[in-house]
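# Structure at a glance
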Amino acid sequence: MGTGLAGDSDVGGSPTAAVTRALESMGCTVFYQKPLTSSDANGSGRVVVPKAVAEQYFPHLDNQAGVPIEAADTLGNKYTFRFRFWINNQSRMYLLEGVSEMHQRYDLKVGDVMIFAHLPDSSLIVAGRPMTEEDSMRKPPLRRVNNPQSGVKRDLQKRASKPTPKSSQSKRLQKRRLQGDGVFRAIPDVVPQPESKVFSQHGVWTATIEIVGEMYQAYFDSQEDAIEAFNAAGYA
DNA sequence: AGCCATGCACCG
DNA sequence: CGGTGCATGGCT
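My aim in this report is to walk through the structure given alongside it, one point at a time. (Residues numbered from 1 in each chain as written. Chains lettered and ligands numbered in written order. Predicted model: local features only at pLDDT ≥ 70, side-chain atom pairs only at ≥ 80, totals over all residues. Heavy atoms only, no water.)

## Focus: the overall build of chain A
Helix and strand content of chain A: 6 helices and 11 strands. For chain A, buried positions account for 36% of its 236 residues. Summarising the internal contacts of chain A: among those between residues at least 6 apart in sequence, 56% fall at separations of at least 24. By element, 52% of the accessible surface of chain A is carried by carbon and sulfur atoms, the whole surface being about 13600 Å². (Helix = DSSP H or I, 4+ residues; strand = E, 2+ residues; numbered from the N terminus. Buried < 20%, exposed > 50% of the residue type's maximum accessible area, 1.4 Å probe, protein only. Contact = heavy atoms within 4.5 Å. Areas by Shrake-Rupley, 256 points an atom, 1.4 Å probe, with all protein chains shown as cover.)

## What to know about helix α1 (residues 15-25)
Looking at α1, one finds that the buried residues are T16, A17, V19, T20 and L23. With its buried residues spanning 165° around the axis, α1 presents them on a single face. In this fold, the buried residues of α1 make contact with β1 (29-35), β6 (113-118) and β7 (124-129). Positioned one or two residues after α1, G27 has a phi angle of 80°, which is positive. (Arc of directions from axis to C-beta.)

## Description of the protein's contact with DNA strand B
Around DNA strand B, the neighbouring residues are K34, T37, S38, S39, V48, P50, K51, W86, N88, N89, S91 and M93. Contact distances for DNA strand B include 3.0 Å between a phosphate oxygen and a side-chain N or O atom of T37. Within the side chain of S38, a nitrogen or oxygen atom sits 2.9 Å from a phosphate oxygen of DNA strand B. Within the residue set of the surface near DNA strand B, elements represented by two or more residues are β4 (78-88) and β5 (91-97). (Near = heavy atom within 4 Å. Polar contact = N/O pair within 3.5 Å; in protein donor to acceptor, adjacent residues only side chain to side chain.)

## Remarks on the nonpolar core
Membership of the largest hydrophobic core comes to 25 residues, with the highest contact counts inside it found for F58, F81, M114, F116 and V126. The element contributing the most residues to this core is β4, with 4 residues. Residues contacting V126, with those up to four places away along its chain left out, are A71, A72, D73, T74, Y79, F81, M102, Y106, M114, I115 and F116. (Core = buried A, V, L, I, M, F, W, Y, C linked by side-chain atoms within 4.5 Å.)

What follows is the structure, encoded as structure tokens:
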């Protein structure tokens, strides 16, 4: 075992698998995972939240004192963090304060991952998991060696971005593309889901596939387009 | 051009 | 002397 491929590198009773299962069974949507830096894990109880994540998924802050943030973990433990920002240069640097208790409970250290997810009712769920072998292959906090566009990714985009089958019965494929361009794109920092699938959300058909531990997603205007590309990508 | 990891000055 | 809050600097 241990081919290095996602799927068999983390099966069974590993803590990561357990956390993933717990989150999934609760209907959680993971929106960010932070690999803890030494600053995050040095006991100060402060975790830096990337600005883009903060401004997309956390409340807007009018002042740097911030607001309390209620969260729970998958075991029902409750936490109250403080979401705030520092003035940095002319911009903001966002932090969560008060994470020590949760970090201790999960024994999180440098390189381990703090998971942020939402329940369907949008309440915040947090979880922690140890660093996986896969994490250590990724970029931060450990400097990534070099990874210029893996062949798998290239092949995937070629196969899935199908501007091709316009020959015979492609009449139905010519319907207007409103929102879906049918191109698979990597979804960074998302917990790889065990199953690839096609589903509809907000009226947009979405094909989600997992390749070597990374999730890719493409949008389509119709279910049949989605399924066709999904199958073309090698997942039936 | 600016993020963000971390250093560090200041304050109690 | 430990925490806060900002400054600095590596990296993209």
